[in-house]
Structure formats: C-alpha cells, structure tokens
Amino acid sequence: MEPVQSCLGVCYTGKHLYYSVNDPKHEGQLTRIGSIDFNFDIEQATQSGSSDTFPVLKSTLDELRKEYKCSTAKVLAPASEECWSVVPKSVYDDTSEREAHIQLLMRGSDRSHVQATWFSISNTDSRLLLLRDSNCMTGFDELFSSFYITEYLSDFELGMEWQHHTRNRGSFLMVNCQSNLISVSSFVFGKLRGCTYLEFEVITDLPYLWNLYADKLSWMSGMHDEAFVFGHQSKAVADILQAYWYDHGTIHFMDTLQKMQVNANEKTYGFKLESAFPAIISSLNLEYSSNNE
C-alpha cells in the first residue's frame, strides 16, 4: 500500500503566495507553512498566462509538490470570479426554475462552462447557490495540473472547514480581509447562515458598504458569539469597521498557531500568519458535503 501523501493548501494576495503542508499521519499537525514573494501580481499572471510570469509560478508550485510529496492541492478561489446567491428551496427542487436562475445570474457565460454547487444553510427553506465559470479557472487548472487532485474552495467554505476542524457549533462570523475585497460568512448552530463579499476601491468606503449590505442582509446585523478575522488587511479592516462589529462578539485575529488550533515545528514566521490562515486550514484536507450540478 502506498503511503498517504500530503495536501498543499494555497492562498495569495497581490504578489504574495502563502502555502501550508499537512502531516497526513497526525491530525492538526503541519509539516511546513511558508510565504513566497514574487515581483508580479499572482492573479494577473494566472489569468493572463503571460510567458514571463506564468511559468515561474507553475514551476514554484511543482517544486513544492515534489519537495513535500503532495498529491492534493486545495486552493482558495478568487471570490470576485464567483457568484453566491441564496434562493428558495422551491427553486432548487424545480429543474426548470433552477436553470432559469443560473442563466439569469450567469448571463454572458456559456451554460456548459458554468459550475453550479448547492449548499444547505440554517434556513431549511433556502439553499445557497455557488456559480463559477470554468473559463475563469483555466489558468488555475494549468497551474496545478501536476497534482493528482485539485480542489477550489470559496471563502465561505473556509468557515465550513474551520467548523469541522474546531467542532464549533456556536454562532460566529468569518471575515477574510484582502486589499480590495472582504468576504463575510455567518454560521449558527453548525450551519452556514449567509455569506457575501464587498469589493472596494479605497478602504474608507467599507463603513458605507457594510451599512448598505447589512440593510439587505439581516444576518450582517445579527448577533454572534465570536468573529474570526484573517487576511492580509485584517488589522486595518477591523480598525475601520470596529464600530459596526459590536454585536459580533469577541474578535479573534487568526495570527497564531494556537488560535488556529494547529501545530508546527516552527513557532515564529517572517510574515503575518493571519495572511496564511486560508492555506493552513485548507491544507488540513477536511471534508464536508455539498451538491454539484
């Protein structure tokens, strides 16, 4: 029998790529957490396939796969390339209604290229629909083509993996803070309640955007026991939104291994661990259920 191989978790922001490798023999144990800085924007390089930058990125990931003997890669997908929508369960149950919603939400995309994934949420009368155009993921597919299995995680799925990892069945908020986007996911009693993402040009727009979205999404103004905040801009985002988070319980910045409830031989790092949180949780290679169409 071949030995169980490791999982490589990957996330990025701007020119910074963060990765984590698990120890498949020991739950919650990591073999390596690292950061690689490039002189180009990673998402642009992936989508453009530039002959100057794309091969550099691919060879780096291939080297990580070989060095740490990884058969699986789990990658945080760019939220800006996805569509998240909560729809009535009646839509999910009716094939014609379901297809009509998908066509409307993904207008301009060929249906044969649209990947639809359904998730149960705390409101049993509704379903969360995740839509992704496979054309937008072509560059990612090529980047990770040397891996036996590649999985793309949406931001709200990180919360599901965190829930599975920690057995947290309370109410909590997950906030991923990037340079031009924050994603927000709400969980209650072991179930996803709702999720959204806010794109912005300048960070000072966030209070206005938070109020605007919260006016339509009641869970954003609801009470939570805890808020888990991570990402490259977590401290800056928390500073500017602190006045809007009073009802979201204790704020935890995911900046230590102890807070993440994982172990690694290295205890200090030359980069912000909260930036690598998605890669770390992804590398644990946890499983949860969803429905693909």
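The structure displayed is predicted, hence computed values, not measured ones.

**Side note on empty space enclosed by the protein**
Phase 1 of the analysis: All chains considered together, the criterion is met by two cavities of 30 Å³ or more.
Phase 2 of the analysis: Size it by volume and the largest cavity reaches roughly 50 Å³.
Phase 3 of the analysis: Contributions of two or more residues to the lining of the largest cavity are made by β1 (6–13), α1 (42–48), α2 (54–68) and α5 (138–143).
Phase 4 of the analysis: Here the residues of the lining of the largest cavity are counted per class, giving 10 nonpolar, one polar and no charged.
Phase 5 of the analysis: Approximately 40 Å³ is the volume found for the second largest cavity.
Phase 6 of the analysis: As for the second largest cavity, its lining consists of Cys 11, Tyr 12, Thr 13, Leu 76, Gln 178, Gly 231, His 232, Ser 275 and Pro 278.
Phase 7 of the analysis: Looking at the lining of the second largest cavity, the elements that each hand over two or more residues are β1 and α10 (273–283).
Phase 8 of the analysis: With three residues, the top contributor of residues to the lining of the second largest cavity is β1.
Phase 9 of the analysis: Here the residues of the lining of the second largest cavity are counted per class, giving four nonpolar, five polar and no charged.

**Some details on the nonpolar core**
Phase 1 of the analysis: Within the largest apolar cluster, 40 residues are counted, with the highest numbers of intra-cluster contacts made by Ile 33 and Phe 156.
Phase 2 of the analysis: Element by element, the count of residues in this core is highest for α10, at six residues.
Phase 3 of the analysis: Setting aside residues no more than four positions away along its own chain, Phe 156 makes contact with Trp 84, Phe 119, Leu 128, Leu 130, Ser 185, Phe 187, Leu 192 and Cys 195.

**Re the environment of Asp 110**
Phase 1 of the analysis: For Asp 110, the position within the fold is in the loop between α4 (95–105) and β6 (114–120).
Phase 2 of the analysis: With a relative accessible area of 45%, Asp 110 lands in the partly exposed category.
Phase 3 of the analysis: Considered as a pair, Asp 110 and Asn 135 are 25 residues apart in the sequence and their alpha carbons are 9.5 Å apart.
Phase 4 of the analysis: Side-chain polar atoms of Asp 110 contact the side chain of Ser 112, separated by 2.8 Å.

**Side note on the sheet that holds strand β14 (residues 263–264)**
Phase 1 of the analysis: On the basis of which strands lie adjacent, the open sheet formed by six strands has the order β8-β4-β1-β2-β3-β14 and mixed pairing. Each edge of the open sheet is held by one strand with a lone partner, namely β8 (149–153) and β14.
Phase 2 of the analysis: Where β1 and strand β2 (residues 16–22) come together, six bridges link them in antiparallel fashion. Its bridge partner lying in β2, Leu 8 is registered against Val 21.
Phase 3 of the analysis: Here helix α6 (residues 155–166) sits on the sheet and contacts β4 (70–76) and β8; the angle it forms with β8, its principal contact strand, is near 105°.
Phase 4 of the analysis: Running over the sheet, α10 touches β1, β2, β3 (29–37), β4 and β8 and is turned about 150° from β1.

**Remarks on the packing of aromatic side chains**
Phase 1 of the analysis: Evaluated as defined, the whole model comprises 16 aromatic pairs.
Phase 2 of the analysis: Ring geometry for Phe 119 and Phe 156: centres 5.1 Å apart, planes at 90°, overall edge-to-face. In this pair, Phe 119 is assigned in strand β6 and Phe 156 in helix α6, connecting sequence segments 37 residues apart.
Phase 3 of the analysis: Look at Phe 119 and you get buried, because its relative accessible area is 1%.
Phase 4 of the analysis: Aromatic rings pair up to connect Trp 162, Phe 172, Phe 187, Phe 228, Phe 230 and Phe 277 into one cluster.
Phase 5 of the analysis: Across from the ring centre of Tyr 92, 5.6 Å away, lies the NZ or CZ of Arg 98, which sits over that ring.
Phase 6 of the analysis: The cationic tip of Lys 235 hangs over the ring face of Phe 253; the distance from NZ or CZ to the ring centre is 5.1 Å.

**As for the environment of Arg 65**
Phase 1 of the analysis: Note on placement: Arg 65 falls in helix α2.
Phase 2 of the analysis: With relative accessibility at 21%, the residue Arg 65 sits in the partly exposed group.
Phase 3 of the analysis: C-alpha of Arg 65 to C-alpha of Phe 147: the two residues are 82 residues apart in sequence and 7.4 Å apart in space.
Phase 4 of the analysis: Polar contacts involving the side chain of Arg 65 include one to the side chain of Ser 146, which spans 3.0 Å.

**Examining α10**
Phase 1 of the analysis: With 11 of 11 residues buried, α10 is to be regarded as a mostly interior element.
Phase 2 of the analysis: Among all positions of α10, only Leu 273, Glu 274, Ser 275, Ala 276, Phe 277, Pro 278, Ala 279, Ile 280, Ile 281, Ser 282 and Ser 283 are buried.
Phase 3 of the analysis: One or two residues past the end of α10 sits Asn 285, with phi positive at roughly 60°.

Here is what the cut-offs are and how they apply
In this numbering scheme, every chain counts its residues from 1 along its sequence in written order. For a predicted model such as this one, the threshold for reporting local features is a pLDDT of at least 70, and the threshold for listing and counting side-chain atom pairs is 80 or more; totals across whole chains, interfaces and linings nevertheless cover every residue. Side-chain metrics in this entry use all non-hydrogen atoms of the structure; hydrogen atoms and water are not considered. Grid points spaced at 1 Å and placed over the protein atoms alone form the basis of the search, with a cavity being a set where a 1.4 Å probe fits but cannot get out and a pocket an open set showing protein on both sides within 12 Å along at least five of seven lines. Lining residues have an atom within 4 Å of a point. Grid points are joined across faces, edges and corners, and a volume is the space filled by probe spheres set on the points. Only runs of H or I of at least four residues qualify as helices and only runs of E of at least two qualify as strands under DSSP, and these elements are numbered from the N terminus. Gly falls in the polar group here, along with every residue not listed as nonpolar (Ala, Val, Leu, Ile, Met, Phe, Trp, Tyr, Cys, Pro) or charged (Asp, Glu, Lys, Arg). Think of a nonpolar core as a cluster: buried Ala, Val, Leu, Ile, Met, Phe, Trp, Tyr and Cys residues, connected wherever their side-chain atoms sit within 4.5 Å. For every residue, the accessible area obtained with a 1.4 Å probe (protein chains only) is divided by the maximum for its type, and the residue is called buried under 20%, exposed over 50%, and partly exposed between those limits. In what follows, a contact means two residues having at least one pair of non-hydrogen atoms within 4.5 Å. Polar contacts, as used here, are pairs of N or O atoms within 3.5 Å; protein pairs need one atom able to donate a hydrogen and one able to accept it. Residues neighboring in sequence count only if both atoms are side-chain atoms. When DSSP finds two or more bridges between a pair of strands, those strands are recorded as paired. Under this scheme, a helix contributes an axis fitted over its contacting stretch, all axes are lines through C-alpha atoms, and angles between N-to-C directions fall in the 0 to 180 degree range. Aromatic rings from Phe, Tyr and Trp, taking only the six-membered ring of Trp, are treated as a pair when their centres fall within 6.5 Å; an angle between ring planes under 30 degrees marks them as stacked, one over 60 as edge-to-face, and anything in between as tilted. Consider the ring centre and the ring normal. A charge sits over the ring if Lys NZ or Arg CZ is within 6 Å of that centre and within 35 degrees of that normal.

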